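Descriptive structure summary
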Amino acid sequence: MDLYSGKINKLIEELSSLPGIGTKSASRLAFYLVNEPEERVKRLTEAILDARENIHYCRECFTLTDEELCPICSSVKRDHNTIMVVENTRDLAAYEKTGRYDGVYHVLHGAISPMLGIGPNDIKLKELMKRLEGDVEEVIIATNSSLEGETTAMYISKLIKPTGIRVSRIASGVPVGGDLENIDEVTLLRALEGRVEL
Ligand code: ZN
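Numbering of residues starts from 1 in each chain and follows the order in which that chain's sequence is written. For this predicted model, a pLDDT threshold of at least 70 governs which residues receive local features, and a threshold of 80 or more governs which side-chain atom pairs are given and counted, while totals over whole chains, interfaces and linings are taken from all residues. Only heavy atoms go into the side-chain values, all of them from the structure, while hydrogens and water stay out.

**Let's talk about the overall build of the protein chain**
- To qualify as a helix, a DSSP run of H or I must reach at least 4 residues; to qualify as a strand, a run of E must reach at least 2; elements of each kind are numbered from the N terminus. Looking only at helices and strands, the protein chain features seven helices and seven strands.
- Overall, the protein chain shows an N-to-C arrangement of helices and strands of α-α-α-β-β-β-α-β-α-β-α-β-α-β.
- Reported as C-alpha extents along the three principal axes, the dimensions of the protein chain are approximately 65 × 35 × 35 Å.
- In this scheme, a residue with accessible area under 20% of its type's maximum is buried, one over 50% is exposed, and one in between is partly exposed, where area comes from a 1.4 Å probe on protein chains only. A burial count over the protein chain gives 38% of its 198 residues as buried.
- In what follows, a contact means two residues having at least one pair of non-hydrogen atoms within 4.5 Å. Of the contacts formed within the protein chain by residues at least 6 apart in sequence, a portion of 55% connects residues at least 24 apart.
- On the protein chain, roughly 12,100 Å² of surface is accessible, and the fraction owed to carbon and sulfur atoms is 54%.
- Treating the 24 positive side-chain charges of the protein chain as one cloud and the 32 negative ones as another, the clouds have centres 2 Å apart. Residue burial considers only the protein chains on display, and all accessible areas are found by Shrake-Rupley using a 1.4 Å probe. A positive count includes Lys and Arg, and a negative count includes Asp and Glu. His and the chain ends are not counted in either. To locate a charge, the coordinates of NZ of Lys, CZ of Arg, CG of Asp or CD of Glu are taken.

So this is what it looks like as C-alpha cells:
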C-alpha cells in the first residue's frame, strides 16, 4: 500500500533521484513544496528551466556560463598563458574562491575511469589539446586525488610533455579521494603553491 497519493510519490521519486538527496530529504522537500504558495513554486521551477535552457559551456574553457565566453576567459586581468585543468565547474569555483589564482581554467567534465568505461574521448581533453596549440606556458593539473583523478593527471601529462609546455600537478595535502570543493581554501592554496612539475 502506498503511504501517499500518487502525485506526492511521483514528486518524491523525482526529487530523490537528485544527487545527495535521499528518500527522507526528498519527502521533506516534497511536503515543503506542496505547502508553499503557488507563486513561490512557480519562481523555483522557472529558475530551474531558465538555467537549463540558457546555461551552456564556455567556448574556451568549458565551464558553465550564460555568455559565450565566461567572465574569467573574457577578463584581460587574467593570465591566459596558464591553464588550470579541473574536473568540473564546482572545482573551478573552489579555486576561484581562494582569490589567489590569476590564470584561466579548463573544465574536463569528468575524469578517465576504465572501471566506469569513461575514456579520454568522454571528457573535454581534445578541447584542451586544441587550446595548447595557442600561447600556453604552463598547465596545472588540479584533478582530484582519487584513482580517476590521478589516472587522468598521468594521461594528460603524457600527452602534453612532448609539446614542451610546462606541466605541473597540485601538491598532495589534498586528501586522497578528496572532493576539491569540500576542501578549505588554505589547503587548496597550499596545494597550488606547492605544485610539482611533472
Ligand atoms: Zn571560460
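**Considerations on the layout of surface pockets**
- Size it by volume and the largest pocket reaches roughly 400 Å³.
- Lining the largest pocket we find 13 residues, and of these Leu11, Leu15, Leu33, Leu44 and Ile48 sit closest to its centre.
- Of all the secondary-structure elements, those providing two or more residues to the lining of the largest pocket are helix H1 (6–16), helix H2 (23–35) and helix H3 (38–54).
- Of all the elements, H3 adds the most residues to the lining of the largest pocket, at five residues. Here a cavity means grid points, on a 1 Å grid over the protein atoms only, where a 1.4 Å probe fits yet cannot get out; a pocket means an open set of points with protein on both sides within 12 Å along at least five of seven lines; lining residues are those with an atom within 4 Å of a point. Grid points are joined across faces, edges and corners, and a volume is the space filled by probe spheres set on the points.

**Topic: a negative patch on the surface**
- Surface patches are drawn from residues lacking salt bridges whose relative accessible area is over 30%; two like charges belong together within 9 Å, two nonpolar side chains (Val, Leu, Ile, Met, Phe, Trp, Tyr) within 5 Å. A pair is scored as a salt bridge if a Lys or Arg side-chain nitrogen falls within 4 Å of a carboxyl oxygen belonging to Asp or Glu. Taken together, Glu38, Glu39, Glu46, Asp50, Glu53, Asp66 and Glu67 make up a surface patch of like negative charges.
- Summarising the element assignment, Glu38 is placed in helix H3.

**Here we look at the confidence of the model for the protein chain**
- What pLDDT conveys is the predictor's confidence in a given residue, as a value from 0 to 100. Averaged over all residues, the pLDDT of the protein chain is 89; the fraction at 70 or higher stands at 93%.
- In the model of the protein chain, helix H7 (residues 185–193) stands out as the element of lowest mean pLDDT, 76, in contrast to strand E4 (residues 103–107), which has the highest, 97.

**Description of the coordination of the zinc ion**
- Sodium, potassium and calcium take a 3.2 Å donor cutoff, other metals 2.8 Å, and in both cases only N, O and S atoms count; water is not among them, so sites may look incomplete. In the first shell of the zinc ion, the protein supplies Cys58 (SG), Cys61 (SG), Cys70 (SG) and Cys73 (SG), at 2.3 to 2.4 Å from the metal.
- Coordination at the zinc ion is tetrahedral, judged from the four donor atoms that bind it and the angles of 105 to 116° they form at the metal.
- Along the chain, the residues donating to the zinc ion are arranged with the sequence spacing C-x2-C-x8-C-x2-C. Residue Cys58 is found in the loop between strand E1 (56–57) and strand E2 (64–65), and its partner Cys73 is found in the loop between E2 and strand E3 (79–86); the two are separated by 15 residues along the sequence.
- Accessibility expressed as a relative area gives 0% for Cys58, which makes it buried. A four-donor site is classed as tetrahedral when every donor-metal-donor angle falls between 85 and 135 degrees; four donors are called square planar, and six octahedral, when trans pairs exceed 155 degrees and all remaining angles lie between 65 and 115, with any other arrangement labelled irregular.

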